[in-house]
Amino acid sequence: DVIRRYLRAVANKQVPTDHALLRQIKSLCSRLPALDSTGFREEFLQEQNNALLITYISTITKGIGAANEVVDKFNVAFDKHSRRRGIF
(Lines give C-alpha, C1' and ligand atoms only; values in the text may rest on other atoms or scores of the structure.)
Protein backbone atom coordinates (compact mmCIF):
# COMPACT_ATOMS: atom_id res chain seq x y z
CA ASP A 1 0.00 0.00 0.00
CA VAL A 2 2.87 2.37 0.79
CA ILE A 3 4.53 1.70 -2.55
CA ARG A 4 1.28 2.22 -4.43
CA ARG A 5 0.63 5.54 -2.66
CA TYR A 6 4.18 6.68 -3.44
CA LEU A 7 3.81 5.79 -7.13
CA ARG A 8 0.51 7.67 -7.34
CA ALA A 9 2.08 10.70 -5.69
CA VAL A 10 4.97 10.61 -8.18
CA ALA A 11 2.54 10.25 -11.09
CA ASN A 12 0.50 13.21 -9.82
CA LYS A 13 3.74 15.18 -9.33
CA GLN A 14 3.04 15.65 -5.63
CA VAL A 15 6.42 14.13 -4.75
CA PRO A 16 9.70 14.64 -6.64
CA THR A 17 10.78 11.67 -8.75
CA ASP A 18 13.55 9.58 -7.20
CA HIS A 19 14.91 7.37 -9.96
CA ALA A 20 16.99 5.25 -7.59
CA LEU A 21 13.89 4.45 -5.55
CA LEU A 22 11.88 3.71 -8.69
CA ARG A 23 14.60 1.26 -9.82
CA GLN A 24 14.41 -0.48 -6.45
CA ILE A 25 10.62 -0.74 -6.73
CA LYS A 26 10.96 -2.18 -10.25
CA SER A 27 13.55 -4.67 -9.00
CA LEU A 28 11.26 -5.70 -6.16
CA CYS A 29 8.32 -6.18 -8.53
CA SER A 30 10.40 -8.25 -10.92
CA ARG A 31 11.28 -10.63 -8.08
CA LEU A 32 7.63 -11.45 -7.50
CA PRO A 33 6.51 -14.65 -9.24
CA ALA A 34 4.47 -14.22 -12.37
CA LEU A 35 0.85 -15.09 -11.75
CA ASP A 36 0.28 -16.32 -15.30
CA SER A 37 3.03 -18.91 -15.28
CA THR A 38 2.30 -22.63 -15.55
CA GLY A 39 4.28 -23.36 -12.39
CA PHE A 40 2.20 -20.90 -10.39
CA ARG A 41 -1.06 -22.38 -11.67
CA GLU A 42 0.01 -25.92 -10.83
CA GLU A 43 1.17 -24.94 -7.35
CA PHE A 44 -2.00 -22.92 -6.74
CA LEU A 45 -4.22 -25.82 -7.80
CA GLN A 46 -2.23 -28.21 -5.61
CA GLU A 47 -2.67 -25.93 -2.58
CA GLN A 48 -6.36 -25.50 -3.34
CA ASN A 49 -6.85 -29.25 -3.65
CA ASN A 50 -5.02 -29.80 -0.36
CA ALA A 51 -7.26 -27.27 1.39
CA LEU A 52 -10.40 -28.89 -0.03
CA LEU A 53 -9.18 -32.33 0.98
CA ILE A 54 -8.60 -31.16 4.55
CA THR A 55 -12.11 -29.66 4.58
CA TYR A 56 -13.63 -32.93 3.36
CA ILE A 57 -11.68 -34.98 5.91
CA SER A 58 -12.80 -32.61 8.66
CA THR A 59 -16.44 -32.95 7.59
CA ILE A 60 -16.18 -36.74 7.48
CA THR A 61 -14.55 -36.77 10.92
CA LYS A 62 -17.38 -34.65 12.37
CA GLY A 63 -19.95 -36.95 10.79
CA ILE A 64 -18.27 -40.04 12.20
CA GLY A 65 -18.16 -38.41 15.62
CA ALA A 66 -21.88 -37.64 15.45
CA ALA A 67 -22.66 -41.20 14.33
CA ASN A 68 -20.54 -42.55 17.19
CA GLU A 69 -22.54 -40.47 19.68
CA VAL A 70 -25.80 -41.86 18.28
CA VAL A 71 -24.48 -45.42 18.56
CA ASP A 72 -23.35 -44.77 22.14
CA LYS A 73 -26.76 -43.37 23.07
CA PHE A 74 -28.47 -46.33 21.40
CA ASN A 75 -26.26 -48.76 23.30
CA VAL A 76 -27.05 -47.05 26.59
CA ALA A 77 -30.78 -47.16 25.85
CA PHE A 78 -30.62 -50.77 24.63
CA ASP A 79 -28.64 -51.90 27.69
CA LYS A 80 -31.18 -50.31 30.05
CA HIS A 81 -34.03 -51.93 28.17
CA SER A 82 -32.45 -55.40 28.25
CA ARG A 83 -31.71 -55.10 31.99
CA ARG A 84 -35.35 -54.31 32.71
CA ARG A 85 -36.46 -57.43 30.90
CA GLY A 86 -34.03 -59.54 32.86
CA ILE A 87 -35.25 -58.21 36.19
CA PHE A 88 -38.92 -58.87 35.54
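Residues numbered from 1 in each chain as written. Predicted model: local features only at pLDDT ≥ 70, side-chain atom pairs only at ≥ 80, totals over all residues. Heavy atoms only, no water.

### Observations concerning the overall build of the protein
And then number 1: Assigned secondary structure in the protein consists of 3 helices and 0 strands.
And then number 2: The burial tally for the protein puts 5% of its 88 residues in the buried class.
And then number 3: In the form shown here, the protein has an accessible surface area of approximately 8,300 Å², with 61% of it arising from carbon and sulfur atoms. (Helix = DSSP H or I, 4+ residues; strand = E, 2+ residues; numbered from the N terminus. Buried < 20%, exposed > 50% of the residue type's maximum accessible area, 1.4 Å probe, protein only. Areas by Shrake-Rupley, 256 points an atom, 1.4 Å probe, with all protein chains shown as cover.)

### What to know about the packing of aromatic side chains
To describe a pair of aromatic rings, you give the distance between the ring centres and the angle between the ring planes.
And then number 1: Using the criterion set out here, one finds 2 aromatic pairs in the structure.
And then number 2: When the centroid spacing of 6.2 Å and the interplanar angle of 20° are considered together, the rings of Phe40 and Phe44 count as stacked. Of this pair, Phe40 and Phe44 are both found in helix α3 (residues 38–87), 4 residues apart, which corresponds to roughly one turn of the helix.
And then number 3: The class of Phe40 is partly exposed, set by a relative accessible area of 32%.
And then number 4: A relative accessible area of 47% places Phe44 in the partly exposed class.
And then number 5: Aromatic side chains Phe74 and Phe78 sit 6.1 Å apart centroid to centroid with 15° between the ring planes, which places their arrangement in the stacked category. Remark: Phe78 and Phe74 occur in helix α3; sequence separation between them is 4 residues, near one turn of the helix.
And then number 6: Exposure remark for Phe74: the relative accessible area of 54% places this residue in the exposed category. (Phe/Tyr/Trp six-rings, centres within 6.5 Å; stacked < 30°, edge-to-face > 60°.)

### Observations concerning the confidence of the model for the protein
And then number 1: On average, the protein scores 87 in pLDDT, and the residues at 70 or more come to 88%.
And then number 2: Here α3 is the element of the protein with the lowest mean pLDDT, 86, and helix α1 (residues 2–11) is the one with the highest, 94. (pLDDT = per-residue confidence, 0-100.)

### Points about α1
The periodicity of an α-helix, 3.6 residues per turn, causes residues three or four positions apart to be oriented the same way.
And then number 1: Tyr6, Ala9 and Val10 are the residues of α1 that are buried. One face of α1 carries all of its buried residues, which in axial projection span an arc of 100°. In α1, the exposed positions that point more than 90 degrees away from the buried face belong to Arg5, Arg8 and Ala11.
And then number 2: Contacts from the buried residues of α1 go to α2 (19–31).
And then number 3: Directly after α1, the chain includes Lys13, whose backbone phi takes a positive value near 60°. (Arc of directions from axis to C-beta. Contact = heavy atoms within 4.5 Å.)

### With respect to unusual backbone geometry
It is generally the case that most residues other than glycine have a negative phi and that most peptide bonds are trans.
And then number 1: Phi at Lys13 takes a positive value of approximately 60°, unusual for a residue other than glycine.
And then number 2: With respect to the secondary-structure elements, Lys13 resides in the loop between α1 and α2.

### Comments concerning a nonpolar patch on the surface
And then number 1: On the surface, Ile3, Leu7 and Leu28 cluster together to form a nonpolar patch covering roughly 220 Å² of accessible area.
And then number 2: Checked against the element boundaries, Leu7 lands in helix α1. (Patch = residues over 30% accessible without salt bridge, like charges linked within 9 Å, V, L, I, M, F, W, Y side chains within 5 Å. Salt bridge = Lys/Arg side-chain N within 4 Å of Asp/Glu carboxyl O.)

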